[in-house]
Amino acid sequence: MKIALIAPSPVPFTIGGAEKLWWGMLEYINQHTGHEAELIKIPSPERNFRELMYSYETFSKLDLSHFDRVISTKYPAWMVDHPQHYCYLQHKLRGLYDTYHFCGQPEQPNASTYPTAWQPLLQMLQQPPQKEHLPDLFGLIKQLQTREDFDRYCNFPGPLTRAIVHHLDAIAQRPGAIQHYGAISYNVANRRDYFPAGANVNVVHHPSDLKGIHEGEYSYIFTVSRLDAPKRLDLLIKAFRQLPDEIELRIAGSGPQEEHLKALAAEDPRIRFLGRVTDAEIATQYADALFVPFMPYDEDFGLITIEAMTAGKAVLTTTDAGGVNEFVESGVSGLSVAPNVDALRGALEQLIR
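In this text, all values refer to a predicted model and were calculated from it rather than measured experimentally.

Calculation notes
Each chain has its residues counted from 1, following the order in which its sequence is written. Under the rules for a predicted model, residues below a pLDDT of 70 receive no local features and side-chain atom pairs below 80 are neither given nor counted, while totals for whole chains, interfaces and linings still include all residues. In computing side-chain properties, one takes all heavy atoms of the structure into account and sets aside hydrogens as well as water. The helix and strand labels rest on DSSP assignments: H or I over at least four residues marks a helix, E over at least two residues marks a strand, and numbering proceeds from the N terminus. Restricting the calculation to C-alpha atoms gives the radius of gyration, and the globule rule supplies 2.2 Å times the number of residues raised to the power 0.38. Contacts are residue-level and defined by heavy atoms, with any inter-residue pair within 4.5 Å sufficient. Only the protein chains shown count as cover for residues, and all accessible areas are computed by the Shrake-Rupley method using a 1.4 Å probe. In this tally, Asp and Glu contribute negative charge and Lys and Arg positive charge; neither His nor the terminal groups of the chain are included. Lysine's charge is taken at NZ, arginine's at CZ, aspartate's at CG and glutamate's at CD. We treat two strands as partners when DSSP finds at least two bridges between them. Axis lines are fitted through C-alpha atoms, for helices just across the contact stretch, and the angle between N-to-C directions can take any value from 0 to 180 degrees. Should a side-chain nitrogen of Lys or Arg be within 4 Å of a carboxyl oxygen of Asp or Glu, the pair is scored as a salt bridge. Partly exposed describes any residue whose relative accessible area lies between the buried limit of under 20% and the exposed limit of over 50%, with all areas from a 1.4 Å probe on protein chains only and scaled to the type maximum. Note that a disulfide, as used here, is simply two cysteine sulfur atoms within 2.5 Å.

(A) Representation of the overall build of the protein in the model. For the protein, the count of helices and strands is twelve helices and twelve strands. The C-alpha atoms of the protein give 22 Å as radius of gyration, which agrees with the globular expectation for 353 residues (20 Å, within 12%). Expressed along its principal axes, the backbone C-alpha trace of the protein runs to roughly 65 × 55 × 35 Å. At a minimum sequence separation of 6, the contacts of the protein that also span at least 24 residues come to 64%. Of the roughly 16100 Å² of accessible surface on the protein, 50% is carried by carbon and sulfur atoms. Charge separation in the protein, taken as the distance between the mean sites of 32 positive and 43 negative side-chain charges, equals 3 Å.

Spelled out as structure tokens, the structure:
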């Protein structure tokens, strides 16, 4: 078969678990099977709702009929229409699905509070999801974008933007549109509204594409991650700073919380930020780590977990870390504790001992 792996390219560009999955799939299909695959990525900014809608519309118009099969793994790439569309789901737009509750807003828009000009859009969102409605739906959204009250009613995240994205995803997942559903973890498979009711979801824990992982010594604590709030490295730093042990904590990666995390660690010479490092350097760091802390909030999967275990290292995580706990057997292959500084400090002490 000729296979298209279709994916969004983040703007600004960053490398995360999604990119590593696509690269791994592309290499494996082309090098180890009789099929031929191409990775097709489209720049997909989502810094505001206008950009997000542009990305959804762009994917919905993409013609990939010259491929025998299309594989998508996340929004908005699954808007591509193809008779052999397979979805191996990583996650939906989490801020409008499983983490939406953090914004403290209603789940559904109250139509009576919207001006007359907004009523056709609200009425369309009440109709069954159909591909034929896409031109009218995107057209209405574009018309409303010219209004001064657009940002007020299309706050992102907010009840109307949530309803629009849920409706678009329902069109992508309408009966017959996707031939096979997979998920990268049971955590993803079990999330509310991620799959159509009654869908048969095949969970496949995919490997890491990191090469050269090997076992070594046990010299320091090491973790690698995007330095972003959901990864909760602030909890790790706060807990580690309470330890008296003369052991080094090494943190690899970059991201928007970098300066904040460095400020948290400023007075502790045992904490080293390695910045962005190559895959070969990451494998080397894993090899000589004592153990690997990884405590994100409700992670989809968490490649760090299986990379650390491949290097023979225990993983310290938290009970709400999501997919990580599909691999960590607390007290056997690592520790899974409550997501607070005191519990993490105790676990760090135990693992160091």
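(B) Layout of the sheet that holds strand 9 (residues 271–275). If you walk across this open sheet you meet the six strands as 9-8-7-10-11-12, and the pairing is parallel. In this open sheet, the two edge strands, each paired with only one partner strand, are strand 9 and strand 12 (334–337). If you compare each strand with its neighbour and ignore which way they point, the axes differ by 20° on average. Pairing analysis gives four bridges linking strand 7 (residues 220–224) to strand 8 (residues 249–252), with the strands arranged parallel. For F222, the partnering residue across the bridge sits in strand 8 and is R250. Across the face of the sheet, helix 10 (residues 279–287) comes into contact with strand 7, strand 8, strand 9 and strand 10 (289–293) while running at roughly 145° to strand 7.

(C) Up close: the pattern of salt bridges. Overall, the coordinates contain 30 salt bridges when judged by the stated rule. Among the ionic pairs, R191 bridges to D300, the shortest N-O distance being 2.6 Å. With R191 in the loop between helix 7 (186–189) and strand 6 (201–203) and D300 in the loop between strand 10 and helix 11 (303–310), the pair connects residues that are 109 residues apart, well separated along the chain. Of the two residues examined, R191 and D300, each falls in the buried class.

(D) Molecular detail of the state of the cysteines. Inspection of every chain in the model, using the stated rule, returns zero disulfides. In this structure C103 is not part of a disulfide, and its nearest cysteine sulfur, from C154, lies 14 Å away. Taking the relative accessible area as the measure of exposure, C154 reaches 4% and is therefore buried.

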